[in-house]
Amino acid sequence: MADKIKVTIDGQSVEVEPGTTILNAARQIGGDIVPPAMCYYSKLKGSGGKCRTCLVKVAQGSEKDPRPMPKLVASCQTQVMDGMVVENTTSPEVLEARKGVVEMLLINHPLDCPVCDQAGECDLQNLSFEHGASNSRYEFERRTFDKVDIGDKIQLHMNRCILCYRCVYTADQITEGRVHGVLNRGDQSEISTYISAAIDNDFSGNVIDVCPVGALTDKTFRFKNRVWFTKPVDAHRDCDHEKCSGKVVLWYKGEDVLRVTARKDQYGEVESFICNTCRFEKKATADWTIEGPRKIEDTSVISSNHYEMAHPLPIIEKNEVLIEANKKMFHKKIK
Amino acid sequence: MSGKILLEHIDVPGINTFDTYRKMGGYRSVEKALKTMSPEDVVEEVKKSGMRGRGGAGFPTGMKWSFLAKPVGVPRYLVCNADESEPGTFKDRYLMEKIPHGLIEGMITSSYALGANTSYIYIRGEYFYILRILEKAIAEAYANGFLGKNILGSGYDLDLYVHPGAGAYICGEETALLESLEGKRGNPRVKPPFPAIAGLYACPTVVNNVETIAAIAPIVNMGGDEYAKIGIGRSTGTKLISASGHINNPGIYEIELGLPVEEFIYSDKYCGGIKNNKKLKAVVAGGSSVPILPANLILKTANNEERLMSYESLSDGGFVSGTMLGSGGFIVYDEDSCIVRNTWNFARFYHHESCGQCSPCREGTGWMEKVLHRIEYGHGKLSDIDLLVEVSKKIEGNTICPLGDAAAWPVASAIRHFREEFEWHIKEATLSQSRNFGLLAAHPALVK
């Protein structure tokens, strides 16, 4: 194995394997210095480079060649060199460019968060909250498309799409045979199945999970509830699908499982892909073995209001593991 | 000398056929290279010639060739970029239509130098009739033993194919071109890796412009040192300029680099002055994506030196007071031209041609177009001007491929040099709508 190389991001150094990208090096450090990524997905080969939110400044190319790179570079695509110095949040130029990218992403976005199922767990929402401007300078009609049902379980809401291509890569790499792709060009580009074919295979539901916005939504969950009113619980089952891990998050309201998703890590990427049977068919508590409450970051709206002793959710009262976890979380909160 | 190298025999009747072309000294470079030179020698000659890529970026060709990776057992490719779509540029069309064998000869010699056994000419879809001309010429070359197996008994094999695009400007970007050639959607690739390492079918590939490849033949014939004597400084050789706009003699001119811009515009040998004896207002010197320059800055640099048709002189002053030679699409505007309308027209083009892959270009080009449309049609606001500048800054340099820059530069430069005209358009919305009767009559102060 080759020697590890040293890279400094926003003043913090880390040693990584050669060939690591700046973004992944930053993720090894963790914290606020990790550039946001809307299109890069570590589990999908070839993804990234498109959304431009992860732009960073390379202040020093490497130990040998200390010249800075002339342009901002996409951190998800640029590999680190030994002695590279990267500026992310410390560079006003980067923050300015990122603000510009967020503005561009939003000018044709409908901003219909109040009626969007993704609200509360939307990457674009988080991104614009953190990096965007509070008002828009765009004064023209937004581009619109009709809603399309692609298959009986998934709805495509193209207006919200930011063309990250993740669902295209997912269909290419996770499922057998891709039937959808990008049609047309420029700001008229759209994700489409061409001649209205349905995305019909037993792994298709994963495109919902990889979608950073509310463009691909679960029809079985559509308008059922806001995500922050539901309680996420880790669970698993023995799935006989060879590629499915069976490890999921159940989203409870009362005693009902409103939806099932794969488990997402702190960067919004799923830990393992799940099959459509687990996602759409198994919506009874009896189908699952409950592991405990899903850890959600404190900053997320989903983590609020779930842990109380007086009126715990019915599902919590019925499960030993959840009762214990609830007590612990409650005591932690009131301290 | 006539000063013409590429177009030396353009007027010979029947020059598009193999026999006439051969009679006029064609295919000498293939004989010379294959019989007396090693591939490295050819690359060395091209390096010595100092010729810079004619497609727009102006990167030295010999240098580009020497970057080509040469792993054992992996094929290498030469791809000719004939997807000439830049508004204002039409030189490659002329070259391929009139002297198709000139390009084919260059392709053979260059492929030999690069060690490519399969080469492609990627031609834009709208040039379908030229595709027929090229295919006929290629068939003639095959029949005469200049293509195929064991060319001229040297043991070198080469197959040459022409592949039409489907009418997308973006496929002129080299990695989008390669994607399209592979049969995929023409989206530019994220670089690195550069095509010299992983290009067509993930193999090392060189992509060169038609004019660049056509110039390889004369370079090999006369020798790199001799070629380097033509031109000025680091701008060696001759360049085809597509002159269009309000001039008396629009057309293709082969000029020796270093010709004064003033002479090019006003000499009867070239553009022949501005039409109807009007005054020069502005020039786009290298195709629609380079910054537009007003008359005073195109004829003289900011330091009051004479502006020359060369890579260095045109870019003198950076983007503040300079421009680029680009692909040589020389568009001339007379005093009555409306810069706002022209800028809107360019913005509309880039909006239409953005591939839609990366966000700043996909959304920003449309935004700029809409704002410019609003100004042009009399609904603009004064704040729109600064908005345009800001949007163009947000696009420039933040995209995967140079289309973002190409869309941002014309807008930014037009505002930089003609801000008063934009302001006048907004303030005097009704009057500006009547500019068809002549901008000069409507507002004489705007004409510099």
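Residues numbered from 1 in each chain as written. Chains lettered and ligands numbered in written order. Predicted model: local features only at pLDDT ≥ 70, side-chain atom pairs only at ≥ 80, totals over all residues. Heavy atoms only, no water.

### Some points on the overall build of chain A
Alright, step 1. Of regular secondary structure, chain A possesses 8 helices and 14 strands.
Alright, step 2. In terms of C-alpha radius of gyration, chain A reaches 21 Å, essentially the compact-globule figure of 20 Å for 335 residues.
Alright, step 3. Taking the principal axes of the C-alpha coordinates as reference, chain A spans close to 60 × 55 × 45 Å.
Alright, step 4. Counting all 335 residues of chain A, 55% fall into the buried class.
Alright, step 5. Within chain A, residue pairs in contact and separated by at least 24 positions form 62% of the contacts whose partners lie at least 6 positions apart.
Alright, step 6. Within the structure as shown, chain A displays about 15,900 Å² of accessible surface, and the carbon and sulfur contribution to it stands at 50%. (Helix = DSSP H or I, 4+ residues; strand = E, 2+ residues; numbered from the N terminus. Rg over C-alpha atoms; globule rule 2.2 N^0.38 Å. Buried < 20%, exposed > 50% of the residue type's maximum accessible area, 1.4 Å probe, protein only. Contact = heavy atoms within 4.5 Å. Areas by Shrake-Rupley, 256 points an atom, 1.4 Å probe, with all protein chains shown as cover.)

### Observations regarding the interface of chain B and chain A
Alright, step 1. In this assembly, 34 residues from chain B lie in contact with 34 residues from chain A.
Alright, step 2. The contact between chain B and chain A buries some 2,800 Å² in all, and 50% of this surface belongs to carbon and sulfur atoms.
Alright, step 3. Three residues stand out in chain B for area buried against chain A, namely Glu 363, Trp 367 and Lys 394 of chain B, and they jointly supply 24% of the buried area on that side.
Alright, step 4. Inspection of the region where chain B meets chain A yields 6 salt bridges.
Alright, step 5. The residue Lys 394 of chain B makes a salt bridge to Glu 96 of chain A at a minimum N-O spacing of 3.6 Å.
Alright, step 6. Applying the counting criterion to the chain B and chain A interface returns 18 residue pairs in polar contact (both at pLDDT 80 or more).
Alright, step 7. Contributing elements (two or more residues each) for the side of chain B that touches chain A: helix 15 (339-353), helix 16 (359-376) and helix 17 (383-395) of chain B. (Buried area = accessible area lost by both parts, 1.4 Å probe. Salt bridge = Lys/Arg side-chain N within 4 Å of Asp/Glu carboxyl O. Polar contact = N/O pair within 3.5 Å; in protein donor to acceptor, adjacent residues only side chain to side chain.)

### Things to note about the domain arrangement of chain A
All names here are of chain A.
Alright, step 1. Once the domains are mapped, chain A shows domain 1 (5-99), domain 2 (108-134 + 142-218) and domain 3 (227-334).
Alright, step 2. Computed over C-alpha atoms, the centres of domain 1 and domain 2 are 27 Å apart.
Alright, step 3. Domain 1 puts 15 residues into the contact, and the matching count from domain 2 is 16 residues.
Alright, step 4. Around 1,300 Å² of area is buried between domain 1 and domain 2 when both sides are counted, 67% of it from carbon and sulfur atoms.
Alright, step 5. Between domain 1 and domain 2 we count 0 salt bridges in total.
Alright, step 6. Taken together, domain 1 and domain 2 are joined by 6 residue pairs in polar contact (both at pLDDT 80 or more).
Alright, step 7. Class assignment for the residues of the side of domain 1 that touches domain 2 results in 7 nonpolar, 3 polar and 5 charged. (Domains from an automatic or database assignment. Nonpolar A, V, L, I, M, F, W, Y, C, P; charged D, E, K, R; others polar.)

### Some details on the side chain of Ser 128 of chain A
All names here are of chain A.
Alright, step 1. Within the fold, Ser 128 resides in helix 3 (residues 123-131).
Alright, step 2. The exposure class assigned to Ser 128 is buried, which follows from its relative accessible area of 19%.
Alright, step 3. One polar contact links the side chain of Ser 128 to the main-chain carbonyl oxygen of Gln 125, over a distance of 3.2 Å.
Alright, step 4. Look past the residues within four positions of Ser 128 in its chain and what remains in contact with it is Val 102 and Leu 106.

### Digging into the sheet that holds strand 12 (residues 247-253) of chain A
All names here are of chain A.
Alright, step 1. Spatially, 4 strands are ordered 13-12-11-14 in an open sheet, and the strand pairing comes out antiparallel. Both edges of this open sheet fall to strand 13 (256-262) and strand 14 (289-293), since each of them pairs with a single strand only. Averaged over all pairs of adjacent strands, the angle between strand axes in this sheet comes to 35 degrees, irrespective of strand direction.
Alright, step 2. One ladder, built from 6 bridges, connects strand 12 with strand 13; its direction is antiparallel. If you follow Leu 250 over to strand 13, its bridge partner there is Val 260. (Pairing = 2+ DSSP bridges. Axes fitted to C-alpha atoms, helices over the stretch in contact; angles between N-to-C directions.)

### Overview of helix 16 of chain B
All names here are of chain B.
Alright, step 1. Between its first and last C-alpha, helix 16 extends 26 Å over 18 residues, near the 26 Å set by a 1.5 Å rise per residue.
Alright, step 2. A large share of helix 16 lies buried, amounting to 16 of its 18 residues.
Alright, step 3. Note on helix 16: the residue one or two positions beyond its end, Gly 378, has a positive phi of about 80 degrees. (Expected span 1.5 Å × (residues − 1).)

### Re the environment of Asn 150 of chain B
Alright, step 1. Tracing the backbone through its elements, the reader meets Asn 150 of chain B in the loop between helix 7 (128-143) and strand 3 (159-164).
Alright, step 2. Those residues in contact with Asn 150 of chain B that sit more than four places away from it in its chain are Gly 155, Tyr 156 and Asp 157 of chain B.

### Some words on the sheet that holds strand 2 (residues 118-123) of chain B
All names here are of chain B.
Alright, step 1. Read across the sheet, 4 strands follow the order 3-2-1-4 without closing on themselves; strand pairing throughout is parallel. Both edges of this open sheet fall to strand 3 and strand 4 (205-209), since each of them pairs with a single strand only. The sheet shows a mean angle of 20 degrees between the axes of neighbouring strands, taken without regard to direction.
Alright, step 2. Alignment of strand 1 (residues 77-82) against strand 2, held across 6 bridges, turns out to be parallel. Along strand 2, the bridge assignment pairs Cys 80 with Ile 121.
Alright, step 3. Against the sheet, helix 7 touches strand 2 and strand 3, its axis set at about 170 degrees to strand 3.
Alright, step 4. Of the strands in this sheet, strand 1 and strand 4 touch helix 9 (residues 210-222), which is tilted by about 95 degrees from strand 4.

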